[in-house]
Amino acid sequence: MSQPVDTISSWDILVIVLYFLIIIATSVYSTISNKRNTVDSYFLAGRKMTWVFVGASLFASNIGSEHFIGLAGSGAASGLGVAAFELNAMIVIQILGWIFLPVFIASSVATLPEYMNKRFGGNRIRIYLSILSLILYIFTKISVNLYSGALFIKLALGWDLYYSVLLVLGLTGVCTITGGLAAVIYTETIQTVIMIMGGLALMIISYLKIGGYQNLYLKYMDTSNINMSRPNLECALPKQNSFQILRDVSDPDMPWLGFLLGQTPSSIWYWCSDQMMVQRTLAAKSLSHAQGGTLLAGYLKILPLFMIVIPGMISRALFPDTVGCSDPQTCMQVCDSPNGCSNIAYPMLIMNVMPVGLKGVMLAVMLAALMSDLTSIFNSSSTLFTVDIYSQLKKNASNKQLMIVGRLFVLFMVGVGIVWIPVIKNMQGAQLYIYIQSVAAYLSPPIAAVYLLAVLWKRANEKGAFWSLMIGMAVGLVRMFLDFIYYEKPCGQIDDRPAIVKNFHYLYFAVMLFWITVISMIIISLLSRKLENFRLIRTTYWTRMIADKRPDETDDYRILNQSMDHNSEVILNEMELKASKETEVEDGVRNECLSGLMNFVCGFDQLRQQQVDSKKFQVQKQSEAKRRIENFYSLNQSKKSKLILNINLILIVLIAIGLYIFFSIPPQYHIFKNLNKNSTYL
């Protein structure tokens, strides 16, 4: 094998070009082969995805470039503790599949704020949650993805940050605008394969480079590169519990009690009530396929511990003067950040360990992670805005108007991402991934609390949900702004932050915020009038199988398969069966203001052909609905399917618990009990 170099060769560039060609070809293919002329087909991929595509899409949507940069960076800075978030997700994803998803499917919704509208009535919760979700996308998804992706591209290629980000944003926007969710899911499946293959290759090479796990321990804990004469040096030293995931209750990085009680609500928001994730499962062809997808995603979540976190620790061990720098002036020279350079751990490993050719593969992996996350964000943002905000402002919007608005909003989100670039450049902290988790801990627990009670407690009402969200938001925003004002000082400087910021860990704050919201919602709901009984039909876990017709479903109403004895109850969210007769074709279209190419890109060619004969259009729509009713969304699964799924559910929970226990026991009691302290690797 040739010696690795720290530059990109022509072979690496060839691999990158091939990657883009594959992604573009996949997007074009899905654009041609999938109908995109209805809200259902564009935003939910026609509800026909199998478990492999759903699981791969969930994983790719989650593992963005901020995971490769952030998880590896936190591994380099503080050890294995950050892997707790990934193991927690293994279990919480299954809560989505077994608790939340049957309710969301039964209620026939396209977005989660739409579910809240059906559950409680009124529009203020629906609109508030849509706006809050879009804000969270900007603070915790778009901004950090752009920063982490640009950081890697700049380090690897030396490109200008703006040019590299604009290129990726442009390609991402094209994939999302043209093909809708189908294109997103198909491209994400390919990106998942690329990410896993590239990540595993780097993992194996880095493990061989460091000489094994025991040698990693010795080199990671080595302090010979640190100036021991500097004051306030504790933050620069490797932590003695770096090789443990869950740590003491007062640990500043990963207190086990705070994590289990505080991170779980944030994970429930992310996996069970965030549009970007749930939308992928709603695109599944049946509940069994959706649950199979969550199981596959859960199994794949085992990989980041070994594929990203531990390689990040290896990077610090191999490059202690750069990745492990502790002096603010030195860190500024290395990565333009006085708080530390742990965020460059993964790019440094790629550029200095991978041989020629495989560097291009890893660059493609990073681009895949960045683009998969951004495509997910843009598609979900488009869905939220179109279905929950625009359609409420313009009640009689035609199908074509909704399609145009959805695509234009993608362009708007791309613009927001570009505007945020200067902010991202000044937002560098020592651990990007911890920044994401802390912001989520300040804003997401109230959302998780309200969704949990909405699904599991029938007495919850609209007043309780809305005002508990307001209370939770007020408390969370106060703490978030305090964190922005009193930011953590660089290593070696005196920490003079207020005690409520310095000593009140964000995970324990999340516990408090979650229970404040739960208690507020319970009290307000009990003190106010009960909801109408029809609001509970198919909107809670206990009432999901009730087949009664709801009075608010006259236009977009639930169609049940009459042959339930053969294959159970089948459900369809046929948003377009209100069959608004779009007899007029806008003058701008008649005058060919939109070219044939634009009609093809937006899917209007199919729509115009259907508008020629409104009666034929109506029959065709009903025929499509009948086919969907016969083929997917069965809430009553076969015994064989349930058995296979439940066995895997138990297995995945046991694996997660086993990994927690194994990697939380001090390693000197099992892995390293026979370690030779005089190893030549010291």
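Going by the structure above, here's the rest.
Residues numbered from 1 in each chain as written. Predicted model: local features only at pLDDT ≥ 70, side-chain atom pairs only at ≥ 80, totals over all residues. Heavy atoms only, no water.

K.L.:
Could you clarify how one ought to interpret empty space enclosed by the protein in this entry?
P.N.:
The gaps of empty space that remain are located by a probe, the size of a water molecule, rolled over the atoms. Evaluated as defined, the whole model comprises eight cavities of 30 Å³ or more. There is about 280 Å³ of room inside the largest cavity. Considering the residues around the largest cavity, the lining is formed by 23 residues, among which N62, Y270, Y433, I436 and Q437 are closest to the centre. Of all the elements in the fold, those that place two or more residues in the lining of the largest cavity are α3 (51-62), α4 (65-78), α5 (84-106), α7 (124-157), α10 (256-272) and α19 (432-443). At six residues, α10 tops the list of elements feeding residues into the lining of the largest cavity. The class makeup of the residues in the lining of the largest cavity is nine nonpolar, nine polar and five charged. (1 Å grid on protein atoms, 1.4 Å probe; cavity = no way out; pocket = protein on both sides within 12 Å on 5 of 7 lines; lining within 4 Å. Points joined across faces, edges and corners; volume = space filled by probe spheres on them. Helix = DSSP H or I, 4+ residues; strand = E, 2+ residues; numbered from the N terminus. Nonpolar A, V, L, I, M, F, W, Y, C, P; charged D, E, K, R; others polar.)

K.L.:
When you look at the packing of α10 against helix α20 (residues 445-456) in this model, what are you seeing that I'm missing?
P.N.:
For any two helices packed against each other, one specifies the crossing angle of their axes together with the interaxial distance. Remark: α10 packs on α20, axes separated minimally by 8 Å, with the N-to-C direction vectors making an angle of 75°. Relative to α20, the element α10 lies roughly perpendicular. Between α10, through P265, S266, I268 and W269, and α20, the contact on the second element is made entirely by P445, I447, A448 and L452. For the contact of α10 with α20, a count of residues per class yields seven nonpolar, one polar and no charged. (Axes fitted to C-alpha atoms, helices over the stretch in contact; angles between N-to-C directions. Parallel < 35°, antiparallel > 145°, perpendicular 65-115°, else oblique. Contact = heavy atoms within 4.5 Å.)

K.L.:
When you look at the packing of aromatic side chains in this model, what are you seeing that I'm missing?
P.N.:
Each aromatic ring pair is summarised here by two numbers: the centre-to-centre distance and the angle between the ring planes. Following the criterion strictly, the structure yields 19 aromatic pairs and no others. Ring centres of Y541 and W542 lie 5.2 Å apart, and the angle between their planes is 90°; this geometry places the pair in the edge-to-face category. Look at W542 and you get exposed, because its relative accessible area is 53%. Chaining the aromatic ring pairs together yields one cluster made of F100, F104, Y115 and Y451. Positioned over the ring face of F466 is R124, at 4.0 Å from the centre of the ring. (Phe/Tyr/Trp six-rings, centres within 6.5 Å; stacked < 30°, edge-to-face > 60°. Buried < 20%, exposed > 50% of the residue type's maximum accessible area, 1.4 Å probe, protein only. Lys NZ or Arg CZ within 6 Å of the ring centre and 35° of its normal.)

K.L.:
I'm lost on a nonpolar patch on the surface in this one. Help?
P.N.:
Taken together, W11, I13, L14, V17, L18, L21 and V356 make up a surface patch of nonpolar side chains, about 650 Å² in accessible area. Looking at the element boundaries, V356 is found in the loop between α15 (345-353) and α16 (358-393). (Patch = residues over 30% accessible without salt bridge, like charges linked within 9 Å, V, L, I, M, F, W, Y side chains within 5 Å. Areas by Shrake-Rupley, 256 points an atom, 1.4 Å probe, with all protein chains shown as cover. Salt bridge = Lys/Arg side-chain N within 4 Å of Asp/Glu carboxyl O.)

K.L.:
Would you mind showing me how to read the side chain of N241 here?
P.N.:
With respect to the helices and strands, N241 occurs in the loop between α9 (213-220) and α10. Look at N241 and you get buried, because its relative accessible area is 18%. In this structure the side chain of N241 is engaged in a polar contact, spanning 3.0 Å, whose partner is the side chain of D251. (Polar contact = N/O pair within 3.5 Å; in protein donor to acceptor, adjacent residues only side chain to side chain.)

K.L.:
Any chance you could explain the pattern of salt bridges here in plain terms?
P.N.:
Once the charged atoms of two side chains with opposite charge are near each other, the side chains can pair. Applying the stated criterion across every chain, the model contains five salt bridges. K301 serves as the salt-bridge partner of E86, at 2.4 Å between the closest nitrogen and oxygen. Of this pair, E86 sits in helix α5 while K301 is found in the loop between α12 (287-300) and α13 (303-318), placing the two residues 215 residues apart along the sequence. We note that E86, like K301, is buried. Of the charged contacts in the structure, one is a salt bridge between D253 and K239, with a shortest N-O distance of 3.5 Å. In this pair, D253 is assigned in the loop between α9 and α10 and K239 in the loop between α9 and α10, connecting sequence segments 14 residues apart. For D253, a relative accessible area of 18% gives the class buried. Through salt bridges that share partners, K239, R247 and D253 make up one connected network.

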